[in-house]
Amino acid sequence: MQPIMPREINLKELQWLTVTPDNWEEQLARIEEQEGELVFLAMTIPDYEVMAYNMQEIKRYIVELKDVVVYYRKVTTSEETE
Amino acid sequence: MSKILIGVIAVLLLSNYFFWNQNNKLSALNQAFELRDKEQKAAIESLQNDFTLQTNSLLEIQNRNQEIQQEMNRYLDIFKRHDLTKLAAAKPGLIQPRINKGTKDVFDSIEEDSRNIDSLDDGLQLQPTAN
């Protein structure tokens, strides 16, 4: 008897805005128009790269853990059917 | 003379009965041993098959882990090869959609990986789909 697998991940889309000294006014105006007020969180490029690395680590872990789950299901299912 | 003959016949009959009895017991024992041998061979074969399955599966996992790590290194190599800060400052209109596409691609691949896990039990779910 095998446990029910967890429901698939359902991520929501997000949008990054690249802000430079040349386009910051335009980007701020876009934010204000989109959200109704000028409030946002900011991230530097190096921190974005760190976040990208972290996302890859999470993805790696999910895939490796998935393979372990598949292994255990394969091994225990073949033992159950004997 | 006839008494000796009768005695010999009696001995022969008794020894025949003895050997016939022994033969039956040994046949039954032989059958039992053959059955046990058959069962043990089946058990050994089953264990060997399980061992082969586990060994092959573990090797597959090792290879997959190496592939995953290589894929991760290839992706992160992009940041090593390019100075994203300079690029974003020089061409924000070019970088912004690429970053958004990159983020979407990563999210889509994570969703796809999780979908493969969910499909292992034909889509049965404990919890309803999130909105």
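It should be noted that the structure appears before, not after, this text.
Throughout what follows, the structure given in this document is the object of discussion. (Residues numbered from 1 in each chain as written. Chains lettered and ligands numbered in written order. Predicted model: local features only at pLDDT ≥ 70, side-chain atom pairs only at ≥ 80, totals over all residues. Heavy atoms only, no water.)

**Describing a nonpolar patch on the surface**
Residue and element names in this part refer to chain A.
Alright, step 1. Together, Tyr61, Leu65, Val68 and Tyr72 make up a nonpolar patch on the protein surface, roughly 400 Å² of accessible area in all.
Alright, step 2. Assignment of secondary structure puts Val68 in helix H2 (residues 45-81).
Alright, step 3. A relative accessible area of 32% means that Val68 is categorised as partly exposed. (Patch = residues over 30% accessible without salt bridge, like charges linked within 9 Å, V, L, I, M, F, W, Y side chains within 5 Å. Areas by Shrake-Rupley, 256 points an atom, 1.4 Å probe, with all protein chains shown as cover. Salt bridge = Lys/Arg side-chain N within 4 Å of Asp/Glu carboxyl O. Helix = DSSP H or I, 4+ residues; strand = E, 2+ residues; numbered from the N terminus. Buried < 20%, exposed > 50% of the residue type's maximum accessible area, 1.4 Å probe, protein only.)

**Notes on the nonpolar core**
Alright, step 1. Trp16(A), Ile45(A), Tyr48(A), Ala52(A), Met72(B), Leu76(B), Phe79(B), Leu84(B), Ala88(B), Ile95(B) and Ile99(B) together form the largest nonpolar core, which totals 11 residues.
Alright, step 2. Put simply, the parts of the chain that give this core at least two residues each are H2 of chain A together with helix H1 (2-81), helix H2 (84-90) and helix H3 (92-118) of chain B.
Alright, step 3. In this structure, Met55(A), Ile62(A), Val106(B) and Ile117(B) belong to the second largest nonpolar core, which totals 7 residues. (Core = buried A, V, L, I, M, F, W, Y, C linked by side-chain atoms within 4.5 Å.)

**Digging into the interface of chain A and chain B**
Alright, step 1. Taken together, the contacts link 46 residues of chain A with 49 residues of chain B.
Alright, step 2. Interface area, chain A with chain B, both sides summed: about 4,600 Å², of which 62% is carbon and sulfur.
Alright, step 3. When the buried area of chain A at its contact with chain B is split by residue, Arg7(A), Gln56(A) and Tyr71(A) rank highest and sum to 14% of it.
Alright, step 4. Between the two partners, chain A and chain B, sit 4 salt bridges.
Alright, step 5. Residue Asp113(B) is joined to Lys59(A) by a salt bridge in which the shortest nitrogen-to-oxygen separation is 3.1 Å.
Alright, step 6. Run the count over chain A and chain B and you get 11 residue pairs in polar contact (both at pLDDT 80 or more).
Alright, step 7. Put simply, the parts of the chain that give the side of chain A that touches chain B at least two residues each are helix H1 (24-35) and H2 of chain A.
Alright, step 8. With 25 residues, H2(A) is the largest single contributor of residues to the side of chain A that touches chain B. (Contact = heavy atoms within 4.5 Å. Buried area = accessible area lost by both parts, 1.4 Å probe. Polar contact = N/O pair within 3.5 Å; in protein donor to acceptor, adjacent residues only side chain to side chain.)

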